[in-house]
Amino acid sequence: MSVAEAVRGSRRVNNAGTVLVTGVLLVLFAAGNYLLPLSQAQVHWWANAFWTLGSLLTGLKCLAAARGGAGPMRRAWLFFALACLSWFAGMLVWDYQELLLGRYTPFPYWSDIGFLGFGVLMAIGLLFYNAASSRMPVGLLELSQLGIFVSSILIIHLAVFAEPIRRLSDQPVVLSVALAYPVIYMALFVYALAVLWGRMEGRVRRNMGYVIAAIATHATVNTLYAYSLLDAAYAAGHILDIFWLLGFGLLYIAAVDFGSNREGAVPPMSLRRQVTRQDRMVPVLALVLTFLALLLSYPELDARNFQQLLIMVLILLVFVALREWASNALVLRHIQEVETSEANLRRFFAISPAMVSITRAVDGAFYDVNEAFCVACGYAREELLGKSVAELGLWPDADRRDSIVNEVMAKDRVEGLDVRMRTRAGEDRELLVSIVRISLNDDAYLLSTAVDVTDRRRAEAEMSKLSSALEQTADMVMITDRSGVAEYVNPAFEQVTGYTRDTILGSTPRLLKSGKQGGSFYQALWGQILAGEVFNDVLVNKRNDGSLFYEQKSIAPLRDNDGRITHFISTGRDISERMQVEERLRFLAHHDTLTELPNRTLLLERLGRSLAAARAAGRLLCVLFLDLDRFKFVNDTLGHEAGDTLLRQLGGRLMRALRAHDSIARFGGDEFVIVAENIDNVGEARQLAERLLAVFRQPFMIDDNSLNVAASVGIGLFPYDGEDAGTLLRHADAAMYRAKERGGNTYEFYAEEIGAHAEKRLLLENELRRALNRDEFVLHYQPQVDSATGRPCGFEALIRWQHPERGLVPPGDFIPILEETGMIVEVGDWVLQTALRQLADWHRRGWDGLTMAVNLSSRQFERSGLPETLERALNEHGLDPGVLELEITEGTLMQDVASTTFTLQQLSRSGFGIALDDFGTGYSSLSYLSKFPFTTLKIDRAFVRDIPGDPDHTAITRAIVAMGQGLRLRLVAEGVETEEQRAFLNGLGCSLMQGYLYSRPLSAAAATAWLADSV
């Protein structure tokens, strides 16, 4: 059940309960008044109590109904309440006379004023009731009509009751009061029934029915009461007594019904728009009845009666004349209003900016159109009238028109239709149409009012696109008025700043100020945009959470049609990430990415400024060049990641060792340069160098491993060792290399002989670059012999430099330079090709059991495609992979364990021999020995040299041999020079040896001759 149905049900129950209680009270009253054996005094008490309480309760209920009403309806029910209270006042006088004084109330008495006042006040209430339900004002027409009813009823009574009137002619007061009851109440009843009842509809008609029923009851009972008085026949306990109580009960029910139907407001009165024929005939009917009453009573009338009747007839005629005058005036005014309304309607029709047309419903033929319609469709008025919409093709969709016409015919009115109209030029226009069904000459027509919304819809579509673009753009958008108060922000603004739209609207952008840009910045900003210019710059703003962000801001002024600036539109983008990247790039341009120390570029700038300052102040300046000792070995053995960690830790230690005004930079690799200003003497430079070396006394922790590292430092002093940055750095670098030649872990001041040594090293590097092209490199071959049989089993290829001036240069002098410069890769390829060519030659000579051992540098091993490169080289010389043994050091293994393992497994699967060279001299070779696919383990000469005399080396050698045998590896001992060493190694089970005991490294020709003699 809906809420409305529940409310209606509650009303019905409430009304039914009121009717039931009223019925019970009436039965109770009748029982005491007519059935119970009460005395005359008791009957008076019984009847008076019911009449008194009934009028009071009904008055209070009407007063409650008036409080809930509004306007004229409120006043109507207020007068109904006063009418009941007037009766209540009359009853109080009646009760006082009869019940307290114990005597019958004479007639007439003061109580009759209250009883007659009930009728008068009810009449006034009905006039307001009519005013609430009618568009006509309460005026002369209504009063004259009521006067006709009063006059007619009074004339009828004077004629019908002529004989009682003559009898009471000596009691004019009694006669007047007796006649007042039927005249007032009957006139009230006729007016209510004939005028109001005929005009009302709906719920108001039902509610008025209760009121009229109450009036009818009182009119009947009071009229009969007056008749009985004229005949002196009324006494307490009369049959009329119950009808007074019934009248109040009906009025009480009307008040309850009015209150329950308010629904929070006074229900609108529904009145027929035209006065019915019955309404117009009521005064005529009253006159006819009056005439009939006079005609029938004519024989009983005398001269005195005629005198009284003549006065009343004249009064009646006056009221009739007044009514006719008022009616004609009203009709004339109505005609004038209609004519004025029609004229205004035609004027509106003609000049209305809206498109207005009248078409016949059945076929769509135009009856009339206004100028706006003609302009919109492109046709002249004469071209449209009489022609149908279909003929002119104004409706692109004819079926749609038929459905709309059907809807209008069914509902009489349809509003807010979206319709397309095709103009004479063939353009489709969008219209917003309202259509009303009207009747002209008894035919159905359609009055259409339309507005062309094509341009508006297009503008709305464009605005929708613009709004969507603003809402969905990733840029922040804010629109402010001229004073900077925000009127719009888009979602991107909320997302970036953290401020909600409700917070920012009505505020100014000062909420975003970070304080990073001063007042002059914002003054310039406002001056620029108020001058009509566009502002572009980067702002440092603050989010709602307090964090800062960079905004690329653009602010443009918005002008009205007069060119005045009314608003500003601001667009911005959060460029914090870009600014951070730019700052990072600026940082990286002058700093080392690994250690975040200044780089070479920044140090040279600082060194230039420092030299200028030192020159101007006449003070010393010190440049220290620091390089780690054996850093390459750290990289080779522990890997580059460990080397990077070492450099980062070292950078931090060096920074802490310097003074506040000293500068430091990473020059590259493991080289650091320190610039110390304000040096008073050489002693201060020496102290700084000692502080730098002191940072190496504590071991570095690399991956939970303790690593001891040393460094060499070279010192150059301004102005003694150079007056420009380049010279000072070169001399400090030369001094650093002299410190390394002295064993490292020390410092050296620059001297002339150090410069000469550095020049010699640079010259050697340049000569090495030309040596490969000039064929100055040669290979020597050292035999590997099986001591058990005395037969050679292979050779190790060893590179030598045959310098044209210096003669044969030992490997220790040039191999490190090849490694540092990267030339080792190209030289290593030459070694591989030369060694394989020589091995192929020996195989062709019949020594096909020989193998060739070639050393691979770490740079060669890091190259991609190493197995493929080796296989191509073997194929060129017709050799199998098994004749080539690749010797690698522990340092090469430790650079990248995962990559090294993968490469070694590829080489092993291809059949190459893999030898671990210089075993036992690295950091952690034992833990990795079982993880790599080695075929040969070479015992370093450092252990072989002192056996069997040195117990430590002897024990180490025993352990290495036992380990190799346990892993089923081929063992080769290097540096065997004595028979004791050979015998000891043979005793351990290591029979493969190479060293001076068998042969020094030999040239290719000498090695060939040695083979010929040995085999």
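Thresholds, definitions, all that
- Residues numbered from 1 in each chain as written.
- Predicted model: local features only at pLDDT ≥ 70, side-chain atom pairs only at ≥ 80, totals over all residues.
- Heavy atoms only, no water.
- Helix = DSSP H or I, 4+ residues; strand = E, 2+ residues; numbered from the N terminus.
- Contact = heavy atoms within 4.5 Å.
- Areas by Shrake-Rupley, 256 points an atom, 1.4 Å probe, with all protein chains shown as cover.
- Salt bridge = Lys/Arg side-chain N within 4 Å of Asp/Glu carboxyl O.
- Buried < 20%, exposed > 50% of the residue type's maximum accessible area, 1.4 Å probe, protein only.
- 1 Å grid on protein atoms, 1.4 Å probe; cavity = no way out; pocket = protein on both sides within 12 Å on 5 of 7 lines; lining within 4 Å.
- Points joined across faces, edges and corners; volume = space filled by probe spheres on them.
- Nonpolar A, V, L, I, M, F, W, Y, C, P; charged D, E, K, R; others polar.
- Patch = residues over 30% accessible without salt bridge, like charges linked within 9 Å, V, L, I, M, F, W, Y side chains within 5 Å.
- Lys, Arg positive; Asp, Glu negative; His and termini not counted.
- Charge placed at Lys NZ, Arg CZ, Asp CG, Glu CD.
- Phe/Tyr/Trp six-rings, centres within 6.5 Å; stacked < 30°, edge-to-face > 60°.
- Core = buried A, V, L, I, M, F, W, Y, C linked by side-chain atoms within 4.5 Å.
- Pairing = 2+ DSSP bridges.
- Axes fitted to C-alpha atoms, helices over the stretch in contact; angles between N-to-C directions.
- pLDDT = per-residue confidence, 0-100.
- Parallel < 35°, antiparallel > 145°, perpendicular 65-115°, else oblique.
- Left-handed = near helix turned anticlockwise from the far one by under 90°.
- Polar contact = N/O pair within 3.5 Å; in protein donor to acceptor, adjacent residues only side chain to side chain.

Asker: Describe the overall build of the chain, with residues and values.
Answerer: Looking only at helices and strands, one finds 37 helices and 26 strands in the chain. Contacts in the chain between residues at least 24 apart in sequence constitute 63% of all its contacts with a sequence separation of at least 6. For the chain, the exposed area adds up to about 50,500 Å²; of that, 56% sits on carbon and sulfur atoms.

Asker: If you had to explain the pattern of salt bridges to someone new, which residues and values would you point to?
Answerer: Counted according to the given criterion, the structure contains 36 salt bridges. Here Glu407 ties to Lys411 by a salt bridge, and the two come within 3.2 Å at their closest N and O atoms. Of this pair, Glu407 and Lys411 both sit in helix H15 (residues 398–411), four residues apart, which is roughly one turn of that helix. With relative accessibility at 55%, the residue Lys411 sits in the exposed group. Of the charged contacts in the structure, one is a salt bridge between Arg564 and Asp562, with a shortest N-O distance of 3.2 Å. Accessibility assignment for this pair places Arg564 and Asp562 in one class, exposed.

Asker: Kindly report on empty space enclosed by the protein, identifying the contributing residues and their values.
Answerer: For the structure shown, the criterion picks out five cavities of 30 Å³ or more. When its volume is computed, the largest cavity comes out at roughly 260 Å³. The wall of the largest cavity is formed by 19 residues, among which Ser357, Phe373, Val389, Trp395 and Ser448 lie closest to the centre. Listing elements by their share of the lining of the largest cavity, those giving two or more residues are strand S1 (355–360), H15, strand S3 (413–422), strand S4 (428–440) and strand S5 (443–452). Counted by class, the lining of the largest cavity contains 14 nonpolar, three polar and two charged residues.

Asker: So what's going on with a negative patch on the surface? Residues and values would help.
Answerer: A cluster of like negative charges, contributed by Glu641, Asp644, Asp703 and Asp704, occupies part of the molecular surface. With respect to the helices and strands, the residue Asp704 is situated in the loop between strand S14 (700–702) and strand S15 (705–707). Given the relative accessible area of 77%, Asp704 is considered exposed.

Asker: So what about the packing of aromatic side chains? Which residues, and what values?
Answerer: Scanning the entire structure with this criterion turns up 22 aromatic pairs. Each ring, one from Phe777 and one from Trp801, has its centre 6.3 Å from the other, and the planes form 40 degrees; the classification is tilted. One end of the pair, Phe777, is in strand S18 (residues 777–786); the other, Trp801, is in strand S19 (residues 791–803), and 24 residues separate them in sequence. Judged by relative accessible area, which is 4%, Phe777 ranks as buried. When the centroid spacing of 5.9 Å and the interplanar angle of 75 degrees are considered together, the rings of Trp801 and Phe814 count as edge-to-face. In this pair, Trp801 sits in strand S19 while Phe814 sits in helix H27 (residues 811–821), placing the two residues 13 residues apart along the sequence.

Asker: Explain the environment of Ala390 to me, and be specific about the residues and the numbers.
Answerer: Inspection of the secondary structure puts Ala390 in helix H14 (residues 389–392). On a C-alpha basis, the gap between Ala390 and Asp363 in space is 8.6 Å, while along the polypeptide they are 27 residues apart.

Asker: Can you break down the nonpolar core residue by residue, with the values?
Answerer: Counting 71 residues, the largest nonpolar core has Phe777, Phe795, Trp842, Met852, Leu884 and Leu907 as its most contacted members. Looking at this core element by element, the count peaks at 10 residues for helix H28 (residues 824–844). The residues contacting Leu884, other than those within four sequence positions of it, are Leu832, Leu836, Met852, Val854, Leu870, Leu874, Phe912 and Gly913. Ranked by size, the runner-up nonpolar core spans 38 residues in total, among them Leu626, Leu654, Ile664 and Ile715.

Asker: Let's hear about the pairing of strand S8 (residues 535–542): which residues, and what values?
Answerer: By the bridge criterion, eight bridges tie S8 to strand S9 (residues 548–559) in an arrangement that is antiparallel. Bridge assignment links Asp537 to a residue of S9, and that residue is Lys553. Hairpin connection, S8 to S9: the antiparallel pair is bridged by five residues, and Gly546 has positive phi, about 95 degrees.

Asker: Can you break down the sheet that holds strand S7 (residues 486–489) residue by residue, with the values?
Answerer: Strand order across the open sheet formed by five strands is S7-S6-S10-S9-S8, with antiparallel pairing between neighbours. Edge positions in the sheet fall to S7 and S8, since each of these pairs with one other strand and no more. When the angles between neighbouring strand axes are averaged without regard to direction, this sheet yields 30 degrees. Contacts between helix H20 (residues 576–590) and the sheet are confined to S9 and strand S10 (565–574), with S9 contributing the most and set at about 125 degrees to the helix.

Asker: Describe the sheet that holds S3, naming the residues involved and giving the relevant values.
Answerer: Judged by pairing direction, the sheet is antiparallel, and its five strands sit side by side in the order S2-S1-S5-S4-S3 without closing on themselves. Either end of the sheet is taken by a strand with one partner, and the two such strands are strand S2 (366–369) and S3. Strand-to-strand twist in this sheet, taken as the mean axis angle between neighbours without regard to direction, amounts to 30 degrees. Against the sheet, H15 makes contact with S1, S3, S4 and S5, and its axis sits at roughly 160 degrees relative to S3, the strand it touches most. Sitting on the sheet, helix H16 (residues 454–472) touches S3, S4 and S5, and the angle it makes with S4 is about 135 degrees.

Asker: Report on the environment of Thr58, specifying residues and quantitative values.
Answerer: When you line up the elements, Thr58 lands in helix H2 (residues 40–68). Counting along the chain gives 198 residues from Thr58 to Val256, while the straight-line C-alpha distance between them is 9.9 Å. If near-sequence neighbours (up to four positions away) are discounted, Thr58 is found in contact with Cys84, Phe248, Leu251 and Tyr252.

Asker: Account for unusual backbone geometry, with residues named and values stated.
Answerer: Residue Pro719 is reached from Phe718 by a cis peptide bond, and omega for that bond is 10 degrees. The linkage connecting Ile947 with the following residue, Pro948, adopts the cis geometry, with an omega of 5 degrees. Inspection of the secondary structure puts Pro948 in the loop between helix H34 (941–944) and helix H35 (951–966). Residues other than glycine seldom take positive phi values, yet Arg630 does so here, at roughly 60 degrees. By secondary structure assignment, the location of Arg630 is in the loop between strand S11 (620–628) and helix H22 (631–638). We classify Arg630 as exposed; its relative accessible area is 57%. Positive phi is not limited to glycine here, since Asn745 has a value of about 55 degrees. Mapped onto the elements of the fold, Asn745 is located in the loop between helix H25 (725–741) and strand S17 (747–749).

Asker: Quick one: what's the story with the confidence of the model for the chain, residue by residue and with numbers?
Answerer: Of all residues in the chain, 82% attain a pLDDT of 70 or more, and the chain-wide mean is 80. Low pLDDT, under 50, characterises residues 132–138; the predicted model gives this stretch 16 contacts beyond four residues in sequence or across chains. In the model, residues 232–236 has pLDDT below 50 throughout and makes 11 contacts with residues more than four positions away in sequence or in other chains.

Asker: Lay out the packing of H35 against helix H36 (residues 979–988) with the relevant residues and their values.
Answerer: Between two packed helices, both the angle of their axes relative to each other and the distance between the axes serve to describe the pair. Running from N to C, H35 and H36 point in directions that differ by 40 degrees, and their axes come no closer than 10 Å. As the angle between them shows, H35 and H36 are arranged oblique. As for the relative orientation of H35 and H36, their crossing is right-handed in sense. In this structure, H35 uses Thr954, Thr957, Arg958, Val961 and Gln965 to contact H36, whose residues at the interface are Phe984, Leu985 and Leu988.

Asker: How would you summarise the side chain of Glu796 if you had to cite specific residues and measurements?
Answerer: Inspection of the secondary structure assignment puts Glu796 in strand S19. Owing to a relative accessible area of 4%, Glu796 belongs among the buried residues under this scheme. Among the polar contacts listed, one links the side chain of Glu796 to the side chain of Asn855, at a separation of 3.1 Å. When near neighbours in sequence (up to four residues on either side) are disregarded, Glu796 contacts His780, Tyr781, Gln782, Gln784, Ala853, Asn855, Glu887, Lys938, Glu974 and Gln994.

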